[in-house]
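# Chains, contacts and geometry: an overview
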Amino acid sequence: TSDILPGQTESVDDLGTGPHTMAVDESGRVLFFADLDGSTASDGVIYLDDTLLAQEGSASPVAGRNWLSLSSPELDLDVDGGYVYSGSLDGDSASNLVIIRNGVKFRQEGDEPPAGVEPGAAITSFGSGPVKINARGEVLWFADWDGPTGTDTALFLDDKLLVREGVTQIGGLTVNALRGITDGYTMSPDGRFILFEAELVGGTEGAFLIEIEEGQWNDV
């Protein structure tokens, strides 16, 4: 705090200290959120080392939409310079939530879920869990959409459906609920292992592992 970041005139008032508001890679690069000591319309910023990636009140990668809020973003870095973060845009509240990968829109509220999952549906939330990026640049993300209750949430790796509420089976039991929360899922840096929390039909709760090998995945 009190530092002035490159390109700014206001000093840092606070730094994001949530579980997913900072990330560091093996080379020492740091992706972080900071709250500046200035107008609340422009005081939230995301930096990668000394490079400004996003600032409230400024243009976002979505054409015609500025950043409204970057408070408590989900952030992550891969090992080869890639990054991912989330934020909220101004304008239409049905399409204000967005995930950005390497400076380009990855997913936005209002988008249709990946092909074949729920044609014609619209994503309504990304939950409160992390967004993770692996060494191949693939993003692990959670989505909720306006489909039938009980089958309208899932965990994805890019466009690949990993686990879907009310559909996926583990050990012969259907997943009754996914945990799209802060500690609900994670991924190893190389992308080989994905760990997630779920409740199965009958009330069994647990942590479950997906191992991905040569482009395939299996729950174990």
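For the structure, see preceding data.
This write-up is about the structure you can find in this document. (Residues numbered from 1 in each chain as written. Predicted model: local features only at pLDDT ≥ 70, side-chain atom pairs only at ≥ 80, totals over all residues. Heavy atoms only, no water.)

### Here we look at the overall build of the protein chain
We count it as follows: Counting from the N terminus, the helices are DSSP H or I runs at least four residues long and the strands are E runs at least two residues long. Atoms counted for the radius of gyration: C-alpha only. Globule rule: 2.2 Å times residue count to the power 0.38. Three exposure classes are used, based on accessible area relative to the maximum for each residue type with a 1.4 Å probe and protein chains only: buried under 20%, partly exposed in between, and exposed over 50%. Only heavy atoms matter for contacts: two residues are in contact if any of them lie within 4.5 Å across the pair. Shrake-Rupley sampling with a 1.4 Å probe provides the accessible areas, and residues are treated as covered by the protein chains on show and by no other component.
From N to C terminus, the protein chain includes 0 helices and 21 strands. Relative to a compact globule of 220 residues, whose C-alpha radius of gyration would be 17 Å, the protein chain shows 18 Å and is just as compact. Out of the 220 residues in the protein chain, the part that is buried amounts to 47%. Partitioning the contacts of the protein chain with sequence separation of at least 6, the portion at a separation of at least 24 is 39%. Accessible surface, the protein chain: about 10,200 Å² in total, of which carbon and sulfur atoms supply 47%.

### Things to note about the pattern of salt bridges
As a reminder of what qualifies: Whenever Lys or Arg places a side-chain nitrogen within 4 Å of a carboxyl oxygen from Asp or Glu, that contact is recorded as a salt bridge.
Applying the stated rule across the entire model yields 11 salt bridges. The partner of Arg 101 in a salt bridge is Asp 158, with the nearest N and O atoms 2.9 Å apart. Residue Arg 101 is found in strand β9 (residues 97-101), and its partner Asp 158 is found in the loop between β14 (153-157) and β15 (160-164); the two are separated by 57 residues along the sequence. For Arg 101, a relative accessible area of 24% puts it in the partly exposed group. On the basis of relative accessibility, which here comes to 21%, the residue Asp 158 falls in the partly exposed class. Where salt bridges share partners, they join Arg 179, Glu 199 and Glu 205 into one cluster.

### A short note on the packing of aromatic side chains
Applied cut-off: Only Phe, Tyr and Trp rings take part, Trp by its six-membered ring, and two of them pair if their centres are within 6.5 Å. Stacked means planes under 30 degrees apart, edge-to-face means over 60, and tilted covers everything else. By definition here, charges over rings are those cases where NZ of Lys or CZ of Arg is within 6 Å of the ring centre and within 35 degrees of the ring normal.
Under the defined criterion, the tally for this structure stands at 9 aromatic pairs. Between Tyr 83 and Tyr 85, the aromatic rings sit 6.1 Å apart at their centres with planes inclined by 15°, giving stacked as the arrangement. Tyr 83 sits in the buried class, given a relative accessible area of 12%. Connected via pairs of aromatic rings, a cluster forms that spans Phe 106, Phe 126, Trp 141, Trp 145 and Phe 156. The aromatic ring of Phe 106 is capped on one face by Arg 107, whose charged end is 4.6 Å from the ring centroid.

### Some thoughts on unusual backbone geometry
In this structure, Ser 2 is a non-glycine residue whose phi angle is positive, near 80°. The topology assignment puts Ser 2 in the segment before β1 (12-15). For Ser 72, which is not a glycine, the phi torsion comes out positive at approximately 55°. Secondary-structure assignment places Ser 72 in the loop between β6 (67-69) and β7 (75-77).

### Brief notes about the side chain of His 20
Basically, it comes down to this: Each polar contact in these results corresponds to two N or O atoms within 3.5 Å; when the atoms are within protein, one needs to be able to donate a hydrogen and the other to accept it, and residues that are neighboring in sequence are counted only if both atoms are side-chain atoms.
With respect to the helices and strands, the residue His 20 is situated in the loop between β1 and β2 (22-24). In this structure the side chain of His 20 is engaged in a polar contact, spanning 2.9 Å, whose partner is the backbone oxygen of Thr 182.

### Some remarks on the nonpolar core
For clarity, the threshold we go by: In this description, a nonpolar core means a group of buried Ala, Val, Leu, Ile, Met, Phe, Trp, Tyr and Cys residues linked to one another through side-chain atoms lying within 4.5 Å.
Counting 18 residues, the largest nonpolar core has Leu 140, Ile 194 and Phe 196 as its most contacted members. Non-local contacts of Leu 140, meaning those with residues more than four positions away in its chain, are made with Pro 130, Val 131, Lys 132, Leu 155, Phe 156, Leu 157, Leu 162, Tyr 185, Thr 186, Met 187 and Ile 194. With 16 residues, the next largest nonpolar core counts Phe 33, Leu 48, Ala 54 and Tyr 83 among its residues.

### A look at the pairing of β9
Operational definition: Here a strand pair is declared whenever DSSP counts at least two bridges between the two strands.
One ladder, built from 5 bridges, connects strand β8 (residues 83-89) with β9; its direction is antiparallel. Directly across from Tyr 85, in β9, lies its bridge partner Ile 100. Hairpin connection of β9 to strand β10 (residues 104-108): 2 residues between the antiparallel strands, including Asn 102 at a positive phi of 50°.

### Remarks on a negative patch on the surface
Quick note on the threshold: Note on patches: the residues involved have over 30% relative accessible area and no salt bridge, like charges join within 9 Å, and the nonpolar side chains Val, Leu, Ile, Met, Phe, Trp and Tyr join within 5 Å. Positive charges come from Lys and Arg alone, negative charges from Asp and Glu alone, with His and the N- and C-terminal ends not counted. By convention, the point assigned to a charge is CZ for Arg, NZ for Lys, CD for Glu and CG for Asp.
On the surface, a cluster of negative charge is made up of Glu 10, Asp 13, Asp 14 and Asp 37. Structurally, the position occupied by Asp 14 is in strand β1.

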